[in-house]
Amino acid sequence: MKNETLIRGGIFTLAMFLSLISVKAQEASFTVKEAVDYAIKHNLNVKSTQLDAVSAEARIGEVRGAGLPQLAANFNLSDNVIIQRVFLPANFADPKASPDAPPVAVQFGVKYSGSASATLNQLIFSGSYFIGLRAAATYRELASKNITQSKVTVAESVTKAYYSAQVSEERAKVLDLNISRVDSLRAETKKMNESGFVELLDVTRLEVQINNLVTERQKVQNLIELSYTLLKYQMGMALDEKIILTDKVDDLNIETLRGDFSDYKVNYNSRIEYSVLDTQLKLAGLDLKNIRAGYLPSLSASFGYGHNNGRNTLPDLFGTKWFNNSVLAINLNIPIFDGFTKKYQVEQKKVALDKVKLNQKLLEQTIDMQSQQAAINIKNAFATLETQTRNVDLAKEVVRVSKIKYKEGVGSNIEVINAESAYKEAQTNYFSALYDMLIAKVDLSKAKGELYND
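Since the model is a prediction, treat every value here as computed from it, not as a measurement. (Residues numbered from 1 in each chain as written. Predicted model: local features only at pLDDT ≥ 70, side-chain atom pairs only at ≥ 80, totals over all residues. Heavy atoms only, no water.)

Asks: Which residues make up the sheet that holds strand 7 (residues 298-311), and what are the values?
Replies: Taken in spatial order, the 4 strands of this open sheet run 2-5-7-8, and their pairing is antiparallel. Two strands lie at the open edges of the sheet, namely strand 2 (70-79) and strand 8 (323-333), each paired on one side alone. Averaged over all adjacent pairs, the angle separating strand axes in this sheet is 15 degrees, with direction ignored. Here strand 5 (residues 112-125) pairs with strand 7 via 13 bridges, running antiparallel. Note that in strand 7 the partner of glutamine 122 across the bridge is alanine 301. (Pairing = 2+ DSSP bridges. Helix = DSSP H or I, 4+ residues; strand = E, 2+ residues; numbered from the N terminus. Axes fitted to C-alpha atoms, helices over the stretch in contact; angles between N-to-C directions.)

Asks: Lay out helix 5 (residues 127-194) in plain terms, naming residues and giving numbers.
Replies: The terminal C-alpha atoms of helix 5 lie 100 Å apart, and with 68 residues this matches the ideal 100 Å at 1.5 Å per residue to within 8%. One or two positions beyond helix 5, positive phi appears at glycine 196, with a value near 90 degrees. (Expected span 1.5 Å × (residues − 1).)

Asks: So what's going on with the environment of arginine 85? Which residues, and what values?
Replies: As for its position among the elements, arginine 85 is in strand 3 (residues 85-88). Along the backbone, arginine 85 and leucine 133 are 48 residues apart, and their C-alpha atoms lie at a distance of 53 Å. Those residues in contact with arginine 85 that sit more than four places away from it in its chain are Ala105, Val106 and Gln107. (Contact = heavy atoms within 4.5 Å.)

Asks: Describe in detail the environment of alanine 172, supporting the description with residues and values.
Replies: With respect to the helices and strands, the residue alanine 172 is situated in helix 5. Residue alanine 172 is classed as buried on the basis of its relative accessible area of 3%. Separated by 51 residues in sequence, alanine 172 and leucine 223 have C-alpha atoms that sit 9.8 Å apart. The residues contacting alanine 172, other than those within four sequence positions of it, are Arg217, Val220 and Ile224. (Buried < 20%, exposed > 50% of the residue type's maximum accessible area, 1.4 Å probe, protein only.)

Asks: Go over the side chain of arginine 186 with me, naming the residues and quoting the values.
Replies: On the secondary structure map, arginine 186 appears in helix 5. A polar atom in the side chain of arginine 186 sits 3.2 Å from the side chain of aspartate 183. (Polar contact = N/O pair within 3.5 Å; in protein donor to acceptor, adjacent residues only side chain to side chain.)

Asks: If you had to explain the packing of helix 5 against helix 11 (residues 413-447) to someone new, which residues and values would you point to?
Replies: Packing of helix 5 against helix 11 leaves a shortest axis separation of 10 Å and a crossing angle of 170 degrees. When the interaxial angle is binned, helix 5 and helix 11 end up roughly antiparallel. (Parallel < 35°, antiparallel > 145°, perpendicular 65-115°, else oblique.)

Asks: Describe the side chain of lysine 403, with residues and values.
Replies: With respect to the helices, strands and loops of the structure, lysine 403 is situated in helix 10 (residues 341-407). Within polar-contact distance, the side chain of lysine 403 engages the side chain of glutamate 420 at 3.4 Å. Apart from residues no more than four positions distant in its own chain, lysine 403 is found in contact with Arg181, Leu185, Val416 and Glu420.

Asks: Any chance you could break down the packing of aromatic side chains for me, citing the residues and the numbers?
Replies: For the structure shown, the criterion picks out 8 aromatic pairs. Relative to phenylalanine 130, the ring of tyrosine 129 has its centre 5.6 Å away and its plane inclined at 70 degrees; by these criteria the two rings are edge-to-face. Among the residues examined, phenylalanine 130 registers a relative accessible area of 41% and is labelled partly exposed. Judged by centre distance (6.5 Å) and plane angle (85 degrees), the rings of tyrosine 162 and tyrosine 163 are edge-to-face. Of the two residues, tyrosine 162 and tyrosine 163, both sit in the buried class. Aromatic ring contacts, followed pair by pair, group Phe125, Tyr129 and Phe130 into a single cluster. Positioned over the ring face of tyrosine 139 is arginine 59, at 4.1 Å from the centre of the ring. Sitting over the face of the ring of tyrosine 295, lysine 342 holds its NZ or CZ atom 5.3 Å from the ring centroid. (Phe/Tyr/Trp six-rings, centres within 6.5 Å; stacked < 30°, edge-to-face > 60°. Lys NZ or Arg CZ within 6 Å of the ring centre and 35° of its normal.)

Next comes the structure, spelled out in structure tokens:
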């Protein structure tokens, strides 16, 4: 009995331990950087570009394989069910036949025939092949840059979603404090009403304000849930998993951030989009060279070796000697005139090359605009945040003074309610300014090409 009790106790302890491990495993903690790193590994868009890179490697192998020896084997067995007849002059079979005699139908062939052969082909020279080898390496480079570009996009989305969830949570905390403070005031006012010092209308006004705060708190809670859902979606995480955000917006040092973003200069080459276009420019140039290489002759060689036999019976086909054959060929192809096909292809590739150059110029202008816009936005965000911080302090002081006046009988209940509303509005504006500053920070980091680096 004692042993059974010990066993049950051990099983219960083990079950509790496993359940605790399960809970901890389900509630993973993430900093901003950890959330971005997780998304880089699990986001489906990143995985899609990684598959494109795998496909590019296969394409490179395909291009390279065209220049390697090509070996093929062939075996053929034919049953000439009805042997074709050839019509020959009568005197071909009988020299004494009359010239006017009808032609003689002669079977030309045997019932069974078989052949076995192997052919080796080798490309010796082709301008398009050597251009293709150069383009293959460029395709690898482009695929790698596309992966990086998708990672930057994911890093931007995850960071913004992370900050959105955090700011919403801070707003919820402040609203909880506001609800608690106004509820305490309502309780005090109710006691004063019961003592005959204030009217019931004063209590009702505070209850209305509490109801409004509770409604707003529920809206913020819904926004928190939506922000977490968006964050987990961007991270490539199951939406029913629980996560904890360990970075806190309260830990941000505004002055340090201001120093980090005092330099607004942008280097085009630090932007992955510009680097991708630079690689596309290389590919467009190689496409043009590839068409022009079509004017060059191509040279290849082939060697074939085989055996064949033919008999009227199948046993004889495999029971008699097979005769060997072999052929060696050198093939030189010299383009002379193609109806101006390559001429117009060259014109198309030139246009494609010019379009990439124009896109590069357009991207330069876009980067300049984005960097200036991000610089202005972050300056405005810092200024607005400073103003809203002061407004919160001032509104808090107004609430404190209005409560003292109300308790001393020299102020009104409406004055307290207005002060509380102004305080809540100042707090809401503060968090809005804080979010705008964080988003401006992300936008400027992206504009400078510093948001994510492998």
